[in-house]
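What the coordinates show
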Protein chains: 2
Amino acid sequence: MTIKDVAEYSGVSVSSVSRVLNDHPDVSDQVRARVLEAVQALHYVPNNSARDLSRAQTDAIGVIVRGAGNPFFTPIIHAVEKEILQAGYSMEIHQISADEDELAAGASLARAKRLKGMILLGGEFDYTPDKVAVLNIPFVCCSYTNSFGTLDKNTYSSVSIDDEAEAYRAVRYLTDRGHRKIAILLGAVDDRSISELRYKGYCRALQEAAIPEDPSLVEEIDYYDMHVAYEGIQRLLERRQDLTAIFAVADTMGVAALKALHDAGRQVPEDCSVISIDGLPMSNFTIPTLTTLEQPKDELAVEAVSRLIRVLEGKGKNGHLYLQTSLREGGSVGPCHR
Amino acid sequence: MTIKDVAEYSGVSVSSVSRVLNDHPDVSDQVRARVLEAVQALHYVPNNSARDLSRAQTDAIGVIVRGAGNPFFTPIIHAVEKEILQAGYSMEIHQISADEDELAAGASLARAKRLKGMILLGGEFDYTPDKVAVLNIPFVCCSYTNSFGTLDKNTYSSVSIDDEAEAYRAVRYLTDRGHRKIAILLGAVDDRSISELRYKGYCRALQEAAIPEDPSLVEEIDYYDMHVAYEGIQRLLERRQDLTAIFAVADTMGVAALKALHDAGRQVPEDCSVISIDGLPMSNFTIPTLTTLEQPKDELAVEAVSRLIRVLEGKGKNGHLYLQTSLREGGSVGPCHR
């Protein structure tokens with residue numbers, strides 16, 4: 001029994017059968033169905049070992065998702081997969097916790113699956129050349145930058161928003177509406193990561209509005225857990241009953257903030273405004289709708305994949321791209337009444 | 001350069017190096033770090049073709065996620081991966097849209113990756129023996145059943161909640177509080193899938209309370225899109241201003257229902273109660289908190305993986321398990337005031 005028999009039975013070309021058996025995306029559903037029907041009818045088992053030997057290297061791209069369970073990544077993962085398959089590559093994905101090492105995970109995956117390139121979806125912001133050497137294949141940082149690291153810009157690519165500038169924009173949106181007692185909810189002001197960058201943008205906007213920084217308006221919490229964010233806001237509200245606005249550095253925190261404010265008897269936006277960054281689907285359905293800077297999730301995915309593939313195919317060099325958010329005006333920000 | 005050199009350089013055993021290179025989970029972070037350091041320092045490249053030849057079959061389990069982007073699956077995927085790795089297997093995951101064919105996708109993945117078994121996370125409820133023959137490896141339906149199909153129960157496993165019984169329980173919770181004009185928001189009453197099962201449970205609870213079925217209280221919508229659910233509720237509210245409660249068959253719909261009710265000027269739960277099934281993280285943070293029957297997501301994952309592995313290792317037979325939801329009493333259901 002050979003692939004020729006399958007082709008004959010199903011009435012399609014040998015190369016079509018091969019594409020179906022190799023899980024190649026460039027096959028119509030009809031052809032795929034006919035081939036699979038033939039495979040089933042003939043009880044054909046592909047000779048995988050032979051196939052693997054003939055391919056010294058695969059055409060697989062790895063995706064390491066750091067922070068599995070973070071809803072921000074869900075639509076990006078889907079868009080990344082679509083792009084990878086459309087470009088004729090296959091995808092190997094591995095999801096790790098936010099406290100795991102994406103470079104070690106990436107290195108393992110790259111070796112185990114003989115990957116050509118890698119997309120890191122979430123990771124540390126402070127890589128050194130030593131740390132990333134373990135990867136040994138082209139890679140793209142998707143949705144984050146190497147702002148605190150020492151990598152040579154020519155040795156990798158990144159596609160993300162400009163965290164400092166977008167945070168500035170969010171807080172500026174509040175100061176423009178008269179707010180001066182503006183709290184920030186974030187991971188840590190000195191995490192050498194996304195929170196530190198967004199904290200810098202917060203400080204710049206305050207400075208421009210001649211508002212002194214006030215540590216008691218800064219609430220540092222564990223990043224992704226909505227329950228923890230909720231408790232953080234509770235502490236903040238007890239400590240500073242005079243605050244009039246909250247900048248939550250992520251939508252998950254913003255949603256938790258709306259709930260904590262409501263439970264504390266504070267009206268949004270009359271008694272307190274809330275703005276955040278991300279644009280998760282769920283924040284369209286909060287009461288009131290969360291005002292947020294929406295990340296261009298599809299564009300992040302498309303740009304990350306296309307940049308990586310250009311590098312893999314020798315058609316382009318590594319590069320670094322900032323994409324812009326778009327302001328989604330909900331109902332959670334109002335003018336300051338105090 | 002051989003694996004022995006790497007072992008010598010890193011000061012660990014050859015088998016430890018092998019485990020690291022094969023992405024085996026049973027390695028401490030320290031050992032992994034030392035091996036990867038050695039691999040890097042020595043520029044060692046594993047001889048993958050040789051390795052593949054020596055393994056006629058892999059120890060990989062495939063996971064097909066149907067409905068990528070459905071937040072319900074996010075925590076289950078993570079738990080499934082953890083279980084698979086802990087059991088000493090590797091995981092190959094492929095995410096497809098809700099309108100794609102999980103059996104065709106699974107068959108492709110199984111062939112391409114020489115999988116030992118498969119977990120289908122979401123899928124059709126009406127498989128025939130012909131349809132599933134293409135998989136040709138043991139599989140588990142995770143979070144759904146084959147209630148409308150014709151499979152021999154001994155040929156596959158399933159782990160899910162009892163959709164009919166849980167829907168009955170949700171609606172019974174409403175009728176017990178005096179509600180009689182109870183709307184249902186679902187995919188379709190005859191979709192031969194989850195909506196049809198939950199609709200049956202809804203009808204049984206109505207019947208028990210001697211409430212006649214009323215088609216104008218049934219709103220059929222596209223399943224996963226919260227915007228579409230929102231519009232469905234708007235139509236429902238226009239059509240039936242006298243309804244006092246809504247059973248949304250999924251949390252995403254329940255969250256959208258809270259928003260649509262609020263925007264229509266209806267107080268929850270005073271003017272209208274809402275209950276759903278799922279227990280997504282976000283529904284803890286709605287205003288009011290959504291009352292929902294929480295699915296045992298970790299248990300679904302653990303049971304699906306352990307059942308599959310018992311079958312793979314000849315230690316057990318295929319079986320079918322219903323897990324129970326737990327009622328999370330939020331603030332979205334109150335007594336009927338009319």
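About the thresholds
Residues numbered from 1 in each chain as written. Chains lettered and ligands numbered in written order. Predicted model: local features only at pLDDT ≥ 70, side-chain atom pairs only at ≥ 80, totals over all residues. Helix = DSSP H or I, 4+ residues; strand = E, 2+ residues; numbered from the N terminus. Buried ≥ 20, exposed ≤ 12 C-beta atoms within 10 Å, placed from the backbone. Domains from an automatic or database assignment. Nonpolar A, V, L, I, M, F, W, Y, C, P; charged D, E, K, R; others polar. Expected span 1.5 Å × (residues − 1). Arc of directions from axis to C-beta. Contact = placed C-beta atoms within 7 Å. Core = buried A, V, L, I, M, F, W, Y, C linked by C-beta atoms within 7 Å. Right-handed = clockwise from strand over helix to strand, strands pointing away. Pairing = 2+ DSSP bridges. Least-squares fit on C-alpha atoms with pLDDT ≥ 70 in both. Axes fitted to C-alpha atoms, helices over the stretch in contact; angles between N-to-C directions. Parallel < 35°, antiparallel > 145°, perpendicular 65-115°, else oblique.

Within chain A one finds twelve helices and twelve strands. C-alpha atoms of chain A, sized along the principal axes, occupy 80 × 40 × 30 Å. Looking at chain A as a whole, 50% of its 338 residues qualify as buried.

Moving on, we get to unusual backbone geometry. A cis amide bond, omega 5 degrees, links V268(A) with the succeeding residue P269(A). Along the chain, P269(A) turns up in the loop between α11 (251-263) and β9 (273-278). With a phi close to 55 degrees, A210(A) is a non-glycine residue in the positive phi region. Inspection of the secondary structure assignment puts A210(A) in the loop between α9 (194-208) and β7 (218-220). The exposed category is assigned to A210(A), around which 8 C-beta atoms lie within 10 Å. Located in the positive-phi region is N136(B), a residue other than glycine, with phi close to 65 degrees. For N136(B), a count of 17 C-beta atoms within 10 Å gives the class partly exposed.

Turning our attention to the domain arrangement of chain A. All names here are of chain A. Here chain A is partitioned into domain 1 (3-54), domain 2 (60-162 + 296-326) and domain 3 (163-295). Each of domain 2 and domain 3 has a C-alpha centre, and the two are 28 Å apart. Split into classes, the residues belonging to the side of domain 2 that touches domain 3 amount to nine nonpolar, five polar and four charged.

As a further point, take helix α10 (residues 226-239) of chain A. Think of an α-helix as 3.6 residues a turn; residues three or four steps apart then line up on the same face. Residue and element names in this part refer to chain A. The end-to-end C-alpha separation of α10 is 20 Å, in line with the 20 Å expected for 14 residues at 1.5 Å each. Those residues of α10 that sit buried are A229, Y230, G232, I233, L236 and L237. Within α10, the buried residues cover an arc of 160 degrees as seen down the axis, which keeps them to one side. More than 90 degrees from the buried face of α10, the exposed residues found are H227, R235 and E238. Those residues of α10 that are buried lie in contact with β6 (182-186), β7 and α11.

Okay, the nonpolar core next. Most often, soluble globular proteins have nonpolar side chains that are buried together. Counting 206 residues, the largest nonpolar core has I119(A), L185(A), A257(A), I119(B), L185(B) and A257(B) as its most contacted members. Excluding residues that lie within four positions of it along the chain, A257(B) makes contacts with L185(B), A229(B), I233(B), I246(B), A248(B) and V274(B).

Let's shift gears to the interface of chain B and chain A. At the interface, 42 residues of chain B touch 42 residues of chain A. The element that contributes the greatest number of residues to the side of chain B that touches chain A is helix α6 (residues 102-113) of chain B, accounting for six residues. Per-class residue counts for the side of chain B that touches chain A are 24 nonpolar, eleven polar and seven charged.

Here we come to helix α2 (residues 14-21) of chain A. All buried positions along α2(A) are accounted for by S16(A), V17(A), V20(A) and L21(A). On an axial view of α2(A), the arc spanned by its buried residues comes to 135 degrees, and they lie on one face.

Every regular strand shows the same layout, with side chains that alternate between the two sheet faces. All names here are of chain B. Counting buried positions over the six residues of strand β9 (residues 273-278) gives six, a clear majority of the element. The alternating pattern of β9 places S273, I275 and I277 on one face and V274, S276 and D278 on the opposite face, and all of these are buried. Crossover connection from strand β8 (residues 245-248) via helix α11 (residues 251-263) to parallel β9: handedness right-handed. One ladder, built from four bridges, connects β9 with strand β10 (residues 291-294); its direction is parallel. Bridge pairing in β10 places I275 opposite T291.

This next bit is on the relation of the copies chain B and chain A. With an axial shift of 0.0 Å and an RMSD of 0.1 Å, the rotation relating chain B to chain A amounts to 180 degrees. In the structure described here, the two chain copies are related by an operation that fits a two-fold rotation axis. Interface overlap between copies is the fraction of interface residues in one copy that are interface residues in the other; for chain B against chain A it reaches 100%, indicating a shared surface.

We now examine the sheet that holds strand β4 (residues 139-142) of chain B. Residues and elements named next belong to chain B. Here six strands make up an open sheet; going across it, the order is β2-β1-β3-β4-β5-β11 and the pairing parallel. Each of the sheet's edge strands pairs with one partner strand only, and the pair in question is β2 (90-96) and β11 (320-323). Neighbour-to-neighbour, the strand axes of the sheet open up by a mean angle of 15 degrees, direction not taken into account. Of the strand pairs in this sheet, β4 and strand β5 (residues 157-161) are connected by three bridges, and their pairing is parallel. Within β5, the position partnered with C141 by the bridge is S158. Seen against the sheet, helix α12 (residues 297-312) touches β1 (60-66), β3 (117-121), β4, β5 and β11 and runs at an angle of roughly 170 degrees to β5.

Moving on, we get to the packing of helix α1 (residues 3-10) of chain A against α2(A). Residue and element names in this part refer to chain A. It is the contact of α1 with α2, at a shortest axis distance of 8 Å, that shows an interaxial angle of 105 degrees. The orientation of α1 relative to α2 falls into the category roughly perpendicular. Side by side, α1 and α2 meet where I3, K4, V6, A7 and S10 of the first sit next to V14, V17 and S18 of the second. Here the contact of α1 with α2 is composed, by residue class, of five nonpolar, two polar and one charged.

What follows concerns the environment of P335(B). Residue and element names in this part refer to chain B. Relative to the helices and strands, P335 is located in the segment after β12 (326-328). The class for P335 is exposed, based on 12 C-beta atoms found within 10 Å. A sequence separation of 158 residues divides P335 from R177, and the C-alpha atoms of the two residues are 4.8 Å apart. Here P335 is in contact with R177 and G178, once residues within four sequence places are set aside.

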